[in-house]
Amino acid sequence: MESYLLTIITILPLVGVLALIIIGRGAPPNENNLKWTALIFSLATFVISIVMLIGFKPAGGLQFDTNKEWISAFQLGVRYHLAVDGLSLWLVLLTTFIVPVALIASWHSIHSRLREYLVCILALETGMIGVFVAQDMFLFYLFWEVMLVPMYLLIGVWGGERRIYAAIKFVIYTVVGSLLMLAGIIALYYMHGGATGNFTFDIAAITKDLGAGVFVLTEEQQRWLFWAFALAFLIKVPLFPFHTWLPDAHVEAPTAGSVILAGVLLKMGTYGLMRFNLPMFPKASHAYAALICTLAVIGIIYGALVAMVQPDMKKLVAYSSVSHLGFVVLGIFSFTEQGMQGALYQMLNHGVSTGALFILVGMVYDRRHTRMIAEYGGLANVMPVYSALFLVVTLSSIALPLLNGFVGEFLILVGTFTSQQLPYAKAFASFASLGMILSAVYMLWMYQRVIYGEVNNEENKRLTDINGRERLVLAPLIMLIFVMGIYPTYFLARSSHAINVIKNFVNPTSFAKTQDNHQVAQTADRSGQEEKPGK
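Just so it is clear, the model here is predicted, and its values are computed rather than measured.

Engineer: So what exactly am I meant to see when it comes to the overall build of the chain here?
Structural biologist: Summing up its helical and strand segments, the chain has 23 helices and 2 strands in all. Whereas a compact globule of 535 residues would reach a radius of gyration of roughly 24 Å, the chain reaches 24 Å, a difference of no more than 12%. Counting only residues that meet the buried cut, the chain has 59% of its 535 residues in that class. Long-range contacts, defined as pairs at least 24 residues apart, comprise 80% of the intrachain contacts of the chain with a sequence gap of at least 6. Per element, the accessible surface of the chain, about 20400 Å² overall, is 65% carbon and sulfur.

Engineer: Can you walk me through the nonpolar core in this structure?
Structural biologist: Across soluble globular proteins, nonpolar side chains show a tendency to be buried alongside one another. Membership of the largest hydrophobic core comes to 187 residues, with the highest contact counts inside it found for Met 52, Leu 188, Leu 265, Phe 333 and Tyr 386. Each residue touching Leu 265, except ones within four places of it in the same chain, is listed here: Leu 124, Met 128, Met 147, Met 151, Phe 170, Lys 236 and Ile 260.

Engineer: Just to check I follow, could you spell out the side chain of Ser 353 for this structure?
Structural biologist: Relative to the helices and strands, Ser 353 resides in helix α15 (residues 337-368). In terms of polar contacts, Ser 353 uses its side chain to reach the side chain of Asn 404, at 3.3 Å.

Engineer: Mind showing me how you'd approach the packing of aromatic side chains here?
Structural biologist: One pass over the structure, following the stated rule, counts 32 aromatic pairs. Ring centres of Phe 226 and Tyr 288 lie 5.7 Å apart, and the angle between their planes is 25°; this geometry places the pair in the stacked category. Separated by 62 residues along the polypeptide, Phe 226 in helix α9 (residues 219-236) and Tyr 288 in the loop between α12 (282-287) and α13 (289-308) bring together distant segments of the chain. Taken together, the aromatic side chains of Trp 70, Phe 138, Tyr 189, Tyr 190, Phe 199 and Phe 201 make up a single cluster linked through ring pairs.

Engineer: What is the right way to look at unusual backbone geometry in this model?
Structural biologist: As a rule of thumb, non-glycine residues mostly have phi less than zero, and peptide bonds are mostly trans rather than cis. Cis geometry is adopted by the peptide bond preceding Pro 238, which originates at Val 237 and carries an omega value of -10°. Locating Pro 238 in the fold gives a position in the loop between α9 and α10 (245-252). Residue Pro 241 is bonded to the preceding Phe 240 through a cis peptide linkage, with omega at 5°. By secondary structure assignment, the location of Pro 241 is in the loop between α9 and α10. The phi dihedral of His 369 is positive, around 55°, even though this residue is not glycine.

Engineer: Please explain the pairing of strand β2 (residues 78-84) as it appears in this structure.
Structural biologist: Side chains on a regular strand alternate between the two faces of the sheet. Among the 7 residues of β2, 5 are classified as buried, and the element is accordingly described as predominantly covered. The sheet contact formed by strand β1 (residues 63-71) and β2 spans 6 bridges and is antiparallel. Within β2, the position partnered with Asn 67 by the bridge is His 81.

Engineer: Would you take a moment to explain the packing of helix α17 (residues 384-397) against helix α19 (residues 425-451) for this structure?
Structural biologist: Helix-helix packing is characterised by the crossing angle of the two axes and by the distance between the axes. For the pair α17 and α19, interaxial distance at closest approach is 10 Å and the crossing angle is 170°. With respect to their mutual orientation, α17 and α19 come out roughly antiparallel. Mapping the contact onto sequence places Tyr 386, Ser 387, Ala 388, Phe 390, Leu 391, Thr 394, Leu 395 and Ser 397 in α17 and Met 443, Leu 444, Met 446, Tyr 447 and Ile 451 in α19. Each residue belonging to the contact of α17 with α19 can be placed in one class, and the counts come to 10 nonpolar, 3 polar and no charged.

Engineer: Got a minute to help me understand helix α22 (residues 489-506) in this structure?
Structural biologist: The α-helix advances 3.6 residues per turn, and as a result positions three or four apart in sequence lie on the same side. For α22, spanning 18 residues, the distance from its first C-alpha to its last is 24 Å, which sits close to the expected 26 Å at 1.5 Å a residue. Maximum bend of α22: about 45°, positioned at Ser 496. Among all positions of α22, only Phe 491, Leu 492, Arg 494, Ser 495, Ala 498, Ile 499, Ile 502 and Val 506 are buried.

Engineer: I would appreciate a short explanation of the environment of Val 393 in the present structure.
Structural biologist: Positionally, Val 393 belongs in helix α17. The sequence separation of Val 393 and Thr 354 amounts to 39 residues, and the corresponding C-alpha distance is 8.2 Å. Setting aside residues up to four positions removed in sequence, Val 393 forms contacts with Ser 353, Ala 356, Leu 357, Leu 360, Ile 478 and Ile 481.

Engineer: Would you mind showing me how to read a nonpolar patch on the surface here?
Structural biologist: On the surface, a nonpolar cluster with roughly 700 Å² of combined accessible area is contributed by Val 149, Tyr 152, Leu 153, Val 157, Ile 164, Ile 168, Ile 172, Val 176 and Leu 180. Mapped onto the nonpolar patch, the elements with two or more residues apiece are α6 (148-158) and α7 (163-196). Counting through the fold element by element, Val 149 comes out in helix α6.

Engineer: Whenever I open this one, the side chain of Ser 106 confuses me. Can you help?
Structural biologist: In this structure, Ser 106 sits in the loop between α3 (86-105) and α4 (114-133). Given the relative accessible area of 6%, Ser 106 is considered buried. When sequence neighbours within four positions are dropped, the list of residues in contact with Ser 106 reads Tyr 117 and Ala 256.

Engineer: Just checking my understanding: could you explain the confidence of the model for the chain for this structure?
Structural biologist: When pLDDT is low, close inspection of the predicted coordinates is not appropriate. Mean pLDDT over the chain stands at 89; residues scoring 70 or higher make up 93%. Between residues 510-535, whose pLDDT stays under 50, and residues either more than four places distant or in other chains, the model counts 15 contacts.

Engineer: What exactly am I supposed to notice about the pattern of salt bridges here?
Structural biologist: Where side chains of opposite charge bring their charged atoms close, a pairing between them can arise. Tallied over the entire structure, the rule returns 10 salt bridges. Two residues, Glu 459 and Arg 368, come together in a salt bridge whose shortest N-O distance is 3.3 Å. Pair noted here: Glu 459 is in helix α20 (residues 458-461) and Arg 368 is in helix α15, with a separation of 91 residues, a long-range link. Classification of Arg 368 as buried rests on a relative accessible area of 9%. The closest approach of N and O atoms between Arg 469 and Glu 470, which form a salt bridge, is 3.9 Å.

Reading guide: rules and limits
- Residues numbered from 1 in each chain as written.
- Predicted model: local features only at pLDDT ≥ 70, side-chain atom pairs only at ≥ 80, totals over all residues.
- Heavy atoms only, no water.
- Helix = DSSP H or I, 4+ residues; strand = E, 2+ residues; numbered from the N terminus.
- Rg over C-alpha atoms; globule rule 2.2 N^0.38 Å.
- Buried < 20%, exposed > 50% of the residue type's maximum accessible area, 1.4 Å probe, protein only.
- Contact = heavy atoms within 4.5 Å.
- Areas by Shrake-Rupley, 256 points an atom, 1.4 Å probe, with all protein chains shown as cover.
- Core = buried A, V, L, I, M, F, W, Y, C linked by side-chain atoms within 4.5 Å.
- Polar contact = N/O pair within 3.5 Å; in protein donor to acceptor, adjacent residues only side chain to side chain.
- Phe/Tyr/Trp six-rings, centres within 6.5 Å; stacked < 30°, edge-to-face > 60°.
- Pairing = 2+ DSSP bridges.
- Axes fitted to C-alpha atoms, helices over the stretch in contact; angles between N-to-C directions.
- Parallel < 35°, antiparallel > 145°, perpendicular 65-115°, else oblique.
- Nonpolar A, V, L, I, M, F, W, Y, C, P; charged D, E, K, R; others polar.
- Expected span 1.5 Å × (residues − 1).
- Bend = angle between axes of the 7 residues up to and from the residue.
- Patch = residues over 30% accessible without salt bridge, like charges linked within 9 Å, V, L, I, M, F, W, Y side chains within 5 Å.
- Salt bridge = Lys/Arg side-chain N within 4 Å of Asp/Glu carboxyl O.
- pLDDT = per-residue confidence, 0-100.

Given below as structure tokens:
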């Protein structure tokens, strides 16, 4: 069972897609049957991922390994290799948690082409899970591209007025990055095969050979490959100045699309940086760390300042994502355990808190059909439960102590400030800390204008407080906000081993040592061969 657990988790949403296609075919579909089918399959996927969490060994490496020959023609070395470690474990769980939450949140929001909408959601889930569990570069790229189509359709078919523009912009940015990554994957495949005689796409094998010095890349090769992968991932994050597709995609996407986009899709970029760039190209990572951290800090401050002046609640939350993900990138390139642990933790925090913010904005949009901050005011008088839950999520987003956001940003700032490997580390941490202050400004100011004051708009006086379904959607998110803020050890302990493995790969001392050992071994081999004729 263990060897096929990840296959079940990955494929189960696709089984749900087939069920949705079959149900009520040839007759007018029953909307409730379609909704419940999609929800049951997404919940089943989440339950099985909990089984994975229970069986996960915190001190272990890759686990629940499935490694089968897949494409044997032409000896390509393409394998069906799935596994999780502490880096991907929580991102798989985040994915399987967010999808059913998004489905329940949009229960009454979609009426046209409902079957196709639900098919896109479940197909997207398979693509996202596959990215996090794939241990073969070919398979990773396949899943990376699979998730593009359903997200494009979610924005382009069920989005707002400018949905076509937003969807095409999303695709263009993503495809450009994907093609660069494909070129990098092919180049790395042939370089590794030429050096070792083992033509494989296996991520763990290539990373191990690089770390052991069996496969050596020159500094120039590292730099070219670093950017081939990094540009694809930084566009997905998105890091300033590649961020311009994100606000449009968020604003035009339906609520469930925004929740999944913020909750999971953006994390694929930061995950890729930690899975590929740091362990495979350590010298290039150090060479460009200052540049990337500069862009991250600019993104943190720029995203916060632009969010501050937004009149649209959804666009404000979208720009806040640019700011928050800048913190994640900064933590990754601090090269410290605290910074990288904080980066991974902040990925989870952002998925929970920003996903909840998009749901909260969607709830009032469903009632008033406007997201303009100026159209609201005084909601605490008519929607007290909504206002209280909105406050918790707002405080989580601005990193209030004892809530989840504080742990991630604190670890990132401490890890960056104390980094001995990142140039100007203290300056980066100091400027990044301004983002925490600015986040309090734009979030609390938005909350004040929407929630407090008198109810001056007659339409707001007729608003009803959130119902049982909406409370059910927010309850697990609120619970996680407190649990992750009060007891982060449970989460951090399970990612510690994987983070330390990445840290050891990217550590310049250990990397130089393996390179030197490899060169010494080669010299000894040559000397031995030269001595043989004289014996």
